[in-house]
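Spelled out from the first residue to the last, the chains are:
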Amino acid sequence: MNLLKRKTTQNIRYGEPKPKVFVQIKLLLVLLCVGILFYSYSNWQNFLEKLDSKPISAFALVGSPNFTTDADVRDALLKMGDLKGFFGQDIDAIREQIETMPWVKGAVVRKMWPNRLSIWVTEYKPIAIWNESDFLSEDGAVFQLPMSKLKETHLPRLAGPDFQSEKVLDAWNRIYADLKQKGLTLKAVAIDARGAWQVVLDNDVVLKLGRGEWKTKLDRFVTIYPQIEVPENKKISYVDLRYASGATVGMVDLN
């Protein structure tokens, strides 16, 4: 009797979808982690402040600043009110406050354990007085500095609209060098809103150069200057060179 053997097979399915409950649990875990991270980020400052036992109460002004004093830094910090502790204090806020001093170009602030600050400042270097009230730096930046802090008082006098500061500084350098070759000393350079130039020599003679280039006008002045006859008890006030040729000379009484 032949027996028929039946071979049984087991169907195995791969990639069957997981029950919805597991997907929901995974989503809840992700949302919980996101919530924890957001809460930690939002309250990070509070966590740090709780680690502090006392506020920052001292600082050290490092380096050798020419104008910034301990008193200047102290006054700037006092404007911030009470400082927080080593962990809780935002040093960027302190740096920004230090940089509000108009002669400070930049500052670096570091916290020192347990309650001190280390402060380094970079200052603008005044190379000219600008519009009789401000100063110019080497790169033509306009900034303020109390006159009482100025150590060198015999600085060039430059003037003009603030946006022309670099142009005026460049003109000073070129005119100064040009006149020096001719035995003359420059004291001041100015440009007005219309673009007209005016320079002043160290003997207070004003040269009105007008708009446009000035080199040929200065050459003309050097030629006619020795030929100007000055009456007794008079002195030259200005020389107007705004003409195609020649010049007009103004006189004033000697003091």
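Coordinates for the structure precede this section.
To start, this report covers the structure provided alongside it. (Residues numbered from 1 in each chain as written. Predicted model: local features only at pLDDT ≥ 70, side-chain atom pairs only at ≥ 80, totals over all residues. Heavy atoms only, no water.)

### Describing the packing of helix H3 (residues 70-78) against helix H4 (residues 91-98)
Part 1: The interhelical angle for the contact between H3 and H4, taken along N-to-C directions, is 125 degrees, at an axis separation of 9 Å. It follows from the interaxial angle that H3 and H4 lie oblique. Both H3 and H4 take part in a crossing whose hand is right-handed. Taken together, the residues of H4 that come into contact with H3 (itself represented by Val 73, Ala 76 and Leu 77) are Ile 94, Gln 97 and Ile 98. (Axes fitted to C-alpha atoms, helices over the stretch in contact; angles between N-to-C directions. Helix = DSSP H or I, 4+ residues; strand = E, 2+ residues; numbered from the N terminus. Parallel < 35°, antiparallel > 145°, perpendicular 65-115°, else oblique. Left-handed = near helix turned anticlockwise from the far one by under 90°. Contact = heavy atoms within 4.5 Å.)

### Structural notes on H3
Part 1: Taken as a whole, H3 has its buried residues at Asp 72, Val 73, Ala 76 and Leu 77. What you see down the axis of H3 is that its buried residues fit within an arc of 130 degrees, all on one side.
Part 2: Buried residues in H3 make contact with strand E1 (58-61), H4 and strand E3 (116-123). (Buried < 20%, exposed > 50% of the residue type's maximum accessible area, 1.4 Å probe, protein only. Arc of directions from axis to C-beta.)

### A closer look at the side chain of Asp 178
Part 1: One can find Asp 178 in helix H5 (residues 165-181).
Part 2: Residue class for Asp 178 comes out buried when judged on its relative accessible area of 9%.
Part 3: Excluding residues that lie within four positions of it along the chain, Asp 178 makes contacts with Trp 214, Lys 215, Leu 218 and Asp 219.

### Structural notes on the environment of Met 101
Part 1: In this fold, Met 101 is placed in the loop between H4 and strand E2 (104-112).
Part 2: Excluding its chain neighbours within four sequence positions, the residues that come into contact with Met 101 are Thr 68, Asp 72 and Val 73.

### What about the sheet that holds strand E9 (residues 197-201)?
Part 1: With mixed pairing, nine strands are arranged side by side in an open sheet as E6-E5-E4-E7-E8-E9-E10-E11-E12. Looking at strand neighbours, the two that pair on one side only are strand E6 (142-143) and strand E12 (248-253), the edges of this open sheet.
Part 2: As paired strands, E9 and strand E10 (residues 206-210) are joined by four bridges and run antiparallel to one another. Paired with Trp 197 across the two strands is Gly 210, which belongs to E10.
Part 3: Where H5 meets the sheet, its contacts fall on strand E4 (128-130), strand E5 (134-136), E6, strand E7 (157-159), strand E8 (186-191) and E9, and the angle it forms with E8 comes to roughly 145 degrees.
Part 4: The sheet strands contacting helix H6 (residues 215-224) are E9, E10 and strand E11 (234-240), and the helix crosses E10 at an angle near 145 degrees. (Pairing = 2+ DSSP bridges.)

### A few points about unusual backbone geometry
Across the chain, the bulk of peptide bonds are trans and the bulk of non-glycine residues have phi less than zero.
Part 1: A cis amide bond links Trp 113 to the next residue, Pro 114, at an omega of 5 degrees.
Part 2: Among the secondary structure elements, Pro 114 is positioned in the loop between E2 and E3.
Part 3: The residue Glu 132 is not glycine, and still its phi comes out positive at about 65 degrees.
Part 4: Within the secondary structure layout, Glu 132 lies in the loop between E4 and E5.
Part 5: In this model, Asp 204 sits at a positive phi of 70 degrees, which is unusual for a non-glycine residue.
Part 6: Along the chain, Asp 204 turns up in the loop between E9 and E10.
Part 7: The exposure class assigned to Asp 204 is partly exposed, which follows from its relative accessible area of 43%.

### Some remarks on the sheet that holds E3
Part 1: As summarised here, the arrangement of the three strands in space is E1-E3-E2, forming an open sheet in which the pairing is mixed. Whereas interior strands pair on both sides, the edge strands pair on one side only; in this sheet they are E1 and E2. Neighbour-to-neighbour, the strand axes of the sheet open up by a mean angle of 25 degrees, direction not taken into account.
Part 2: Taken together, the four bridges between E1 and E3 define a ladder with parallel strand orientation.

### Structural notes on H6
One turn of an α-helix holds 3.6 residues; hence residues three or four places apart share an orientation.
Part 1: The set of residues buried in H6 consists of Lys 217, Leu 218, Arg 220 and Phe 221. Around the axis of H6, the buried residues are gathered within 155 degrees of arc, so they sit on the same side.
Part 2: Against the buried residues of H6 lie H5, E9, E10 and E11.

### Let's talk about the pattern of salt bridges
Part 1: If you walk through the whole model with that rule in mind, you get 14 salt bridges.
Part 2: The salt bridge partner of Asp 92 is Arg 95, with a shortest N-O separation of 3.8 Å. Taken together, the positions of Asp 92 and Arg 95, both in helix H4 and three residues apart, correspond to about one turn of that helix.
Part 3: A residue is classified by how much of its surface remains accessible, and Arg 95, at 24% relative accessible area, is partly exposed.
Part 4: Among the charged side chains, a network of salt bridges with common partners joins Asp 92, Arg 95, Glu 96 and Glu 99. (Salt bridge = Lys/Arg side-chain N within 4 Å of Asp/Glu carboxyl O.)

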